[in-house]
Amino acid sequence: MAELTSASTLVIGAGIAGVAIAHALATRGHDGVVIVDERAPLSLTSAVSTECYRDWWPGPDGAMTGLMTRSIDILEDLADESSNVFNMNRRGYLFATADERRIAEWERGAEQIAAHGGGPLRKHENGSGAYVPSPPRGVDRGLHGADLITDRALIARRFPYLSPETVAVLHARRCGWLSAHGLGTYLLEEARARGAALVRARVGEIETASGRIAAVRVDDRRVPVERVVVAAGPHTRDIAALAGLDLPIELEPHQKVAFHDTLGAIPRDAPFLIWSDPQRIPWSDEERAELARSGAEELARRRCCRRARTAGPRAKATPS
């Protein structure tokens, strides 16, 4: 810790958000950028992210489409400058349905997205129009908008792994996925090459004076800082509380499941697949009772944690 005596900008959390912020500051000439985290970089939620991106956000408000359009621009530029070390692809999101009523819903969403600059909708029915498949690797910047396919013969030919009940698919094109760890590693290396520092330590207290950040206690050392960026992921509320802020943040647990496709049912170059119709799972009465019990226990646990955050001491928190 002897090397950390002060920082212009202290970024709390070395997940993908923290290293991206440090990269943005360092590559724009900001000095004194320090990332602090007691864990290894990119090892908490960033290690289990879905790693997917999309500009397909139907709705009357174009905020998400605009945000993601700009974000994907930046990702593509980073892929170009790094020779795509984080394996970004543009295989797209493929929505599939066995319900013809879904088609009109997709068309309405496509109109909204097109109005916000997300690209056109191309329709393929009864052999009309030339559908262009996505390349399995790399980024084809010409692919944008979406393709709506209601030609069942074309669906069966291009996507033979889908259910024969499929009546339509919507292929949103400026979408895909990447290696979050590869991206984060590249951003961190570039930030450090431009003067940013990474410190493995624990944040214990954020000191304020006259409504401004004055210092942060890192392990057992008081470090004067000018600015603090909280990028602590699921610990954001606890870290903010160290500065006297009560952020109304609720955590939403997600699960990521991976398994070996031993039958080779899904090709390795397939798009990101989403079956759009509701599904019913035939749970037994015993399974339903167990799910209800575990759900009630989880709700009680969350309520207990909220009460503890409100009433308990906030002298310590763990950065992400």
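Small disclaimer: the values here were computed from a predicted structure and weren't measured.

Observations regarding the overall build of the protein chain
Looking only at helices and strands, the protein chain features seven helices and 13 strands. When its C-alpha atoms are laid out on the principal axes, the protein chain stretches across 70 × 55 × 40 Å. In the protein chain, buried positions account for 37% of the 320 residues. Of all intrachain contacts in the protein chain linking residues separated by at least 6 positions in sequence, the fraction that spans at least 24 positions is 76%. Of the roughly 18300 Å² of accessible surface on the protein chain, a fraction of 53% belongs to carbon and sulfur atoms. The averaged location of the 42 negative side-chain charges in the protein chain is 3 Å from the averaged location of its 41 positive side-chain charges.

A word on the packing of aromatic side chains
The way to describe two aromatic rings as a pair is by their centre distance and the angle between their planes. One pass over the full model with this rule turns up four aromatic pairs. Ring centres of Tyr93 and Phe95 lie 6.4 Å apart, and the angle between their planes is 50°; on these two criteria the pair is classed as tilted. Taking relative accessible area as the criterion, Phe95 reaches 12% and is therefore assigned buried. Following the ring pairs from residue to residue traces out a cluster consisting of Tyr93, Phe95 and Phe272. One cation-aromatic arrangement involves Arg54 over Trp57; the distance from NZ or CZ to the ring centre is 3.6 Å.

Here we look at the side chain of Arg174
The residue Arg174 is located in the loop between β7 (168–172) and β8 (175–177) in this model. With relative accessibility at 9%, the residue Arg174 sits in the buried group. For Arg174, the side chain forms a polar contact with the main-chain oxygen of Thr69, separated by 3.4 Å. With near-sequence residues (within four places) excluded, Arg174 lies in contact with Tyr53, Arg54, Asp55, Thr69, Ile72, Asp73, Glu76, Arg90, Leu143, His144 and Gly145.

What about the nonpolar core?
Core analysis: the largest hydrophobic core is formed by 25 residues, its most contacted members being Ile35, Phe86, Met88, Leu178 and Leu183. Mapped by element, the contributors of at least two residues to this core are α1 (16–26), β2 (33–37), α2 (63–81) and α5 (180–193). Once residues within four sequence positions are removed from consideration, Met88 is found in contact with Tyr53, Ile72, Leu75, Glu76, Ala79, Gly138, Val139, Trp177 and Leu178. In terms of nonpolar packing, the next biggest core, distinct from the first, is built from 17 residues, Leu4, Ala7, Leu10 and Ile206 among them.

Calculation notes
- Residues numbered from 1 in each chain as written.
- Predicted model: local features only at pLDDT ≥ 70, side-chain atom pairs only at ≥ 80, totals over all residues.
- Heavy atoms only, no water.
- Helix = DSSP H or I, 4+ residues; strand = E, 2+ residues; numbered from the N terminus.
- Buried < 20%, exposed > 50% of the residue type's maximum accessible area, 1.4 Å probe, protein only.
- Contact = heavy atoms within 4.5 Å.
- Areas by Shrake-Rupley, 256 points an atom, 1.4 Å probe, with all protein chains shown as cover.
- Lys, Arg positive; Asp, Glu negative; His and termini not counted.
- Charge placed at Lys NZ, Arg CZ, Asp CG, Glu CD.
- Phe/Tyr/Trp six-rings, centres within 6.5 Å; stacked < 30°, edge-to-face > 60°.
- Lys NZ or Arg CZ within 6 Å of the ring centre and 35° of its normal.
- Polar contact = N/O pair within 3.5 Å; in protein donor to acceptor, adjacent residues only side chain to side chain.
- Core = buried A, V, L, I, M, F, W, Y, C linked by side-chain atoms within 4.5 Å.

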